[in-house]
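Geometric and topological summary
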Amino acid sequence: MKILRFEETNNLIDCLEAIKAEEDTEIKIFTAESEFLKKNLNREIIQLVAKNSKKTVSFEETAPKISEAQAEITERTEQAEAPKENLGFVEGRDVAAPTAQEEPLVPESKKGFKLPSFKFPKGKKLYIIAGTCLAIFLIAALTFVFLPSANVIISTEANFKESELTLTASKSASSPDSAKGIIPLKILDVNEEDNIEENSSGTKTTGTTAKGRVKIVNRDTANGKTFFQGTVITSLSNQSLAFSLDRTATISAAPAGCEADCPQVGVDVTAKTIGEQSNLSSGTVFKIGDANINFVFAKNDTNFTGGTSRKITVVSANDQKNAKEDLLKKLETKAKEDFQEKNPDFIIPEGGLTFSVINEVYSKAIGEEAQNFRLSMQVKFTANAFSEDTLKELLIGSISSNIPSGYGVDEKDSKITSEVLEKTGEDLKILGKIKASLIPSLNSNEIKAKISGKSFSRVDSYLRSLNSVSGFEIKISPSLFRFFGILPVVKDRIKIEIAQGN
Amino acid sequence: MPFNILQRKPKNQNFFVLEIGLERVTCAIFNKEDSQLKLAGVGRKKFSSHEDIFNSSIEALDALSAIVPDIPEKGILGISGGSLETITTIARYERPKATKPIDHKETEQVLNQVIENLDKTNKKIFFSTISGAKIDGVSVTNPLGLRGQKVELSCFVAFQSEVEVELLNRLVGEIEIDVKKMLPTSFSVCKILEQKEVKNALLFRVGLAKSEITILEEGHVSDIYPFDLGMNNLSYIQFAWEAALKDIEKEHAPSLIWLLADNDEAELEKLKEELKSYDWQSKINIPINPKVEIVSSVHHFSVSDITLYALAQEGTTNEDS
């Protein structure tokens, strides 16, 4: 066994090279002296490299007593010299986790109690104190008037109106025309490229054909026979097993009364199909083509051999089709994201995205043996897009006359969709749909004026009296002012938000 | 507008990131503006041995101070390589009250119990967390607030040698940063992989002479292995992934290998080719060749700043929590 020691200056590569160069097949390495040998994966790598070179490696800790003592002394000296910095890391705990609150520092209570002496101020001091009190009062009053702010969130009953409108998206139009129902169309292009790996699911039987040699015997006394190359012979016992002659065989007519000495000729044959079933044993009798078996037949004196078959996994046309569909879906999603990122204000109607495949490469062809295969594709996507805001404007315009009185459309919460109905030349006929969110037309300024400086109970009865209001919430900031139970006196300090309820 | 002065001032969202990489130290300052992270400045310095880390960190900080003079007080510290060791322990137990939601106290108790039983000779734990969980057989990333009876918690623990932790304590004291969190950098980088919805993967961080393999199983980090091979030793590097994956279960075989350069000198195309041409089926019995990708930029952060971005994300979630 060879013992290898490494110094602090050595590294993993030195160790691997030393193992490769070592003639002994059993190697022991002492680990204590080198830092790199303390890493678990380095040790595993050493074991694998050794195994690859047909060697075995074992590790052993060296613990010479002198070094250990030195280390201990050094450690103690360090501890004595430098007090440890405390990072707050606790062994066994995640420092990111919330820590227990430190105990508050409580000042020691003093024994006994004595009232401070007090003298009523006179003269100049009196004015100063009175002025200070007045200033404090003024500041408190101003603070009370100007500091508090309120956020009043009024919930209204949810109302929606749905409508559809047929529009023409035109490439030549530069601005929308609500009267003619025209919206400008923009054509956007993007090339996307990616690959996908899929498993193969097709199966195929492959193998070799059986080969052998037969002798053809002719008992026909009247005619000689010629059987051309490729003539099919079939086994009498199993007619599904067919073989073809590898070359043309000619045989003369039989002499009268021949038995075992009838004319015969030997010829090589090859099975028509692959598989072990064609490995026929010797003595099998064959019918030759359509020839009468009583006059002419073939027989093998030796076993047929070489027929094999096995099932393999191959790439099927369906696998390639599925892979293409999957990748196209992936690329389409990517293309839509790219369009959205580059043109955030535009929408693509349903059916408005077309594609053409620029490049399509499969790592394995149909029928090729493979457990999996990869498809790389480059596709050009063309989007027919139009401005979302313009469409929303046109759709809202189309329903504006049918909105109940006292209501307006909340553009932010209204949802629009669109789909392509047909293509006419370069223009598209599209169907735009809107689910418009209707909110009551409440006058914020009027509400502010009515509720400013009013108590919560009066605000409650006023807001409940308003049409379509289903609830409200008041947030006072700073929350301390909630204690007074009234809304800010200055109406500019009140913010009204109208939210739609469910 | 009157009394604007009384409005609450926006919280100072600057924070400091120090990353001890495989072969270089990087420090950076991030600003958080409208939930977006913006890199205010970066300082870098290479180191060749562990002893150089202290000086290199100070020099990297000096370089950063030249760009951004105000160094924030709070920071996050990312660790790679060195004596880093990790272990994931699965804690299985049945809860007596299945209808009670799992709370922080319960997971902390389990984690503490796991930690108590670990061998900590000559090493110190610097990070521990519940990296994943199964509740009544259903995998979840965060068990907090969920209910169930049969619970499996993946307790991820990271150690470093006592000597290295001491050095980091000394460094943090010197640069006067209040470290809010210290964790393995690769652990935070793997959170970017979560967005790719990859369940089983391998993050391969590569330097010139040192590298680190992180194994992701069922969407969470199970092990991090530093080792002393890199782009300079391509002839041996296959043994590293063979060693790291030798005990991997078939159903956890990586479907993606994500290559991340530790520094700009590590050109990963050659390694990518090595990994792609490797015979996974016959050598480690992994049936389907994993996809190999070199990490590209994330959210406008360049490749060389991805580790910083990942740590900064940890910094913000820490702040938020």
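Bear in mind that the values here come from a model prediction, so they are computed numbers and not experimental data.

Notes on the overall build of chain A
A count of helices and strands for chain A gives eight helices and 23 strands. Put simply, chain A has 502 residues, and 21% of those count as buried. Here the analysis covers contacts within chain A between residues at least 6 apart in sequence; of these, 76% occur between residues at least 24 apart.

Some words on the overall build of chain B
Broken down by element type, chain B carries eight helices and 14 strands. Out of the 321 residues belonging to chain B, those deemed buried represent 42%. Across chain B, contacts joining residues at least 24 apart in sequence account for 68% of those joining residues at least 6 apart.

Points about the sheet that holds strand β21 (residues 427-440) of chain A
Residues and elements named next belong to chain A. In space, the four strands of this open sheet follow the order β6-β5-β21-β20, with mixed pairing throughout. Looking along the sheet, the strands with just one partner apiece sit at the ends: β6 (182-184) and β20 (407-424). Each neighbouring strand pair of the sheet contributes to a mean axis angle of 35°, computed without reference to strand direction. By the bridge criterion, three bridges tie strand β5 (residues 159-170) to β6 in an arrangement that is parallel. Looking at the pairing, T168 lines up with I182 of β6.

Overview of helix α7 (residues 444-451) of chain A
All names here are of chain A. Residues I447, K448 and I451 constitute the buried set of α7. Buried residues of α7, seen end-on, are gathered within an arc of 100° and therefore sit on one face of the element. Turned more than 90 degrees off the buried face of α7, the exposed positions are N445, E446 and A449. Residue G453 follows α7 closely and has a positive phi angle near 75°.

Let's talk about the UniProt feature "transmembrane region" (unreviewed entry) in chain A
The feature "transmembrane region" (unreviewed entry), as given by UniProt, occupies residues 126-147 of chain A in the numbering adopted here. The span residues 126-147 of chain A shows a helical share of 95% and a strand share of 0%, and its end C-alpha atoms are spaced 30 Å apart.

Some remarks on the environment of L328(A)
Residue and element names in this part refer to chain A. Tracing the backbone through its elements, the reader meets L328 in helix α5 (residues 317-342). For L328, a count of 18 C-beta atoms within 10 Å corresponds to the partly exposed category. Taking the C-alpha atoms as reference, L328 lies 9.3 Å from V357; in sequence the two are 29 residues apart.

Quick word on the packing of helix α2 (residues 40-52) of chain A against helix α5 (residues 234-244) of chain B
It is the contact of α2(A) with α5(B), at a shortest axis distance of 9 Å, that shows an interaxial angle of 115°. If you check the angle between α2(A) and α5(B), you find them roughly perpendicular. Here α2(A) and α5(B) pass one another in a crossing that is right-handed. Across from L41(A), E44(A), I45(A), L48(A) and V49(A) in α2(A), the residues of α5(B) making contact are Y236(B), F239(B), A240(B), E242(B), A243(B) and A244(B).

A word on the pairing of β20(A)
Across 13 bridges, the pairing between β20(A) and β21(A) is antiparallel. Residue pairing across strands places Y407(A) opposite P440(A), the latter belonging to β21(A).

Side note on the sheet that holds strand β6 (residues 123-135) of chain B
The pairing of strands in a sheet happens through backbone hydrogen bonds and is either parallel or antiparallel. All names here are of chain B. With antiparallel pairing, the four strands of this open sheet are ordered in space as β5-β8-β6-β7. Every interior strand has two partners, whereas the edge strands, β5 (85-94) and β7 (138-140), have only one. Each strand axis lies, on average, 30° off the axis of its neighbour in the sheet, ignoring direction. Where β5 and strand β8 (residues 150-161) come together, ten bridges link them in antiparallel fashion. In the strand pairing of β8, E85 is matched with F159.

Thoughts on unusual backbone geometry
Of note, the bond from S477(A) into P478(A) is cis; its omega dihedral lies within 30 degrees of zero at -10°. The topology assignment puts P478(A) in the loop between β22 (469-477) and β23 (494-500). In the Ramachandran plot, E176(B) falls in the positive-phi region, its phi being about 55° despite a non-glycine side chain. Residue classification places E176(B) among the exposed positions, given that 8 C-beta atoms sit within 10 Å.

Comments concerning the pairing of strand β1 (residues 2-5) of chain A
Residue and element names in this part refer to chain A. Examined bridge by bridge, β1 and strand β2 (residues 26-30) share four bridges and lie parallel to one another. Residue pairing across strands places I3 opposite K28, the latter belonging to β2. Handedness of the crossover joining β1 and β2 through helix α1 (residues 12-21) is recorded here as right-handed.

Looking at the packing of α1(A) against α2(A)
Residues and elements named next belong to chain A. Contact pair α1 / α2: the axes reach a minimum separation of 10 Å and the direction vectors enclose 20°. Considering their axes alone, α1 and α2 lie roughly parallel with respect to each other. Considering the relative orientation of α1 and α2, their crossing is right-handed. The segment α1 lies against α2, with L12, C15, L16 and I19 engaging N42, I45, I46, V49 and A50. Broken down by class, the residue content of the contact of α1 with α2 amounts to eight nonpolar, one polar and no charged.

Thoughts on the confidence of the model for chain A
Per-residue confidence for chain A averages 82 on the pLDDT scale, and 87% of its residues sit at or above 70. Strand β11 (residues 242-245) of chain A holds the highest mean pLDDT among the elements of chain A, 95, whereas helix α3 (residues 65-81) of chain A holds the lowest, 40.

Examining the nonpolar core
For soluble globular proteins, nonpolar side chains are generally found buried alongside one another. Counting 95 residues, the largest nonpolar core has I45(A), V17(B), C27(B), L203(B), A240(B) and A244(B) as its most contacted members. Ignoring any residue separated from it by four or fewer positions in sequence, one finds V17(B) in contact with C27(B), A28(B), F30(B), G75(B), I76(B), L308(B), L311(B), A312(B) and G315(B). Counting 28 residues, the second largest nonpolar core, distinct from the first, contains L375(A), F381(A), L391(A) and I430(A).

Section: helix α2 (residues 104-116) of chain B
Residues and elements named next belong to chain B. Look at α2: 18 Å from first C-alpha to last across 13 residues, which is about the 18 Å you get at 1.5 Å a residue. Buried residues of α2: T107, V110, L111 and V114, and no others. What you see down the axis of α2 is that its buried residues fit within an arc of 95°, all on one side. Facing away from the buried side of α2, by more than 90 degrees, are the exposed residues K105, Q109 and E116. Structurally, α2 contributes buried residues whose contacts are with β5, β6 and β8.

A short note on the environment of T284(A)
All names here are of chain A. Considering the arrangement of structural elements, one finds T284 in the loop between β13 (264-274) and β14 (285-288). The class of T284 is partly exposed, set by 18 C-beta atoms lying within 10 Å. Each C-alpha atom of the pair T284 and L236 lies 7.7 Å from the other, and the pair is 48 residues apart in sequence. Setting aside residues up to four positions removed in sequence, T284 forms contacts with S235, S237 and N300.

Rules used throughout
Residues numbered from 1 in each chain as written. Chains lettered and ligands numbered in written order. Predicted model: local features only at pLDDT ≥ 70, side-chain atom pairs only at ≥ 80, totals over all residues. Helix = DSSP H or I, 4+ residues; strand = E, 2+ residues; numbered from the N terminus. Buried ≥ 20, exposed ≤ 12 C-beta atoms within 10 Å, placed from the backbone. Contact = placed C-beta atoms within 7 Å. Pairing = 2+ DSSP bridges. Axes fitted to C-alpha atoms, helices over the stretch in contact; angles between N-to-C directions. Arc of directions from axis to C-beta. UniProt positions renumbered as here; feature names shortened; annotations may be inferred. Parallel < 35°, antiparallel > 145°, perpendicular 65-115°, else oblique. Left-handed = near helix turned anticlockwise from the far one by under 90°. Right-handed = clockwise from strand over helix to strand, strands pointing away. Nonpolar A, V, L, I, M, F, W, Y, C, P; charged D, E, K, R; others polar. pLDDT = per-residue confidence, 0-100. Core = buried A, V, L, I, M, F, W, Y, C linked by C-beta atoms within 7 Å. Expected span 1.5 Å × (residues − 1).

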